[in-house]
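What the coordinates show
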Amino acid sequence: MNINKACKNLVFQYYLIYALLILELVAAKLADFPVLLEASAGYVIRVVTVMFLMVMIPLVLKFFSIRTKYNKGLEYYIRQSKIEMWLLSLPAFLSGLAYYVLKDTNILFCYLIAFVALIFTKPSISKIEAYLQREKEDGGKADKEGELPREAEE
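So, here's what we can say about the structure. Model, not experiment: these values are computed from the prediction.

1. Topic: the pattern of salt bridges
It is possible for side chains bearing opposite charge to pair when their charged atoms get close. What the rule picks out here adds up to 1 salt bridge. For Arg46, the salt bridge goes to Asp104, with nearest N and O atoms at 2.7 Å. On the criterion of sequence distance, the pair formed by Arg46 in helix 2 (residues 39–67) and Asp104 in the loop between helix 3 (74–102) and helix 4 (107–119) is long-range, its members being 58 residues apart.

2. Observations concerning helix 2
The terminal C-alpha atoms of helix 2 lie 41 Å apart, and with 29 residues this matches the ideal 42 Å at 1.5 Å per residue to within 8%. All of the buried residues in helix 2 are Gly42, Thr49, Leu53, Met56, Ile57, Val60 and Phe64. Packing partners of the buried residues in helix 2 comprise helix 3 and helix 4.

3. Here's the deal with the environment of Val101
Among the structural elements, Val101 can be located in helix 3. For Val101 and Ala28, which are 73 residues apart along the polypeptide, the C-alpha to C-alpha distance reads 8.3 Å. Residues within four places of Val101 in sequence aside, it is in contact with Val35, Leu37 and Ile45.

Analysis parameters
- Here the residue numbers are simple positions, counted from 1 along each chain's written sequence.
- Where local features are concerned, this predicted model is filtered to residues with pLDDT of at least 70; where side-chain atom pairs are given and counted, the filter is 80 or more; whole-chain, interface and lining totals use all residues.
- Think of the side-chain values as coming from all heavy atoms in the structure, minus any hydrogens and water.
- Within this document, salt bridges are pairs made up of a side-chain nitrogen of Lys or Arg and a carboxyl oxygen of Asp or Glu, the two lying within 4 Å of each other.
- Helix and strand definitions follow DSSP, with helices as H or I runs of at least four residues and strands as E runs of at least two, each counted in order from the N terminus.
- Here, expected helix span is obtained from the residue count minus one, scaled by 1.5 Å.
- Burial classes: relative accessible area under 20% of the type maximum marks a residue as buried, over 50% as exposed, and values in between as partly exposed (1.4 Å probe, protein chains only).
- In this analysis, two residues are considered to be in contact whenever any of their non-hydrogen atoms come within 4.5 Å of each other.

Here you go:
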């Protein structure tokens, strides 16, 4: 697979995620199905949504950074990028569900934060090329998946 085709595939996935999340938000706004909850249940949903957002975003970004520290090939990078984008869409999806259930506009701030976090995953040819250039810099130190170079082990 060449770099241009890989980037187009990743960009398609990126915009597909945004389209699905916007569709979810529109459906949640237009839905007029009342969900009856106690006040304590609404509070728990808000707290879980915010905590999930606060934990998931840095965790996924760090996970991607660690997993792509060394060049393991284009296909590996594509797979990790897709995983990163879909995992970062989970907090937005949960925020959309919480908005649907609670109709609380404060939850939309969580939705916005998740949208902004997805901006960090936008694929580009320059990002892919920079990743592929790491092979020259690390000299092929990480030949096997998950194997660290000997200097990093000490």
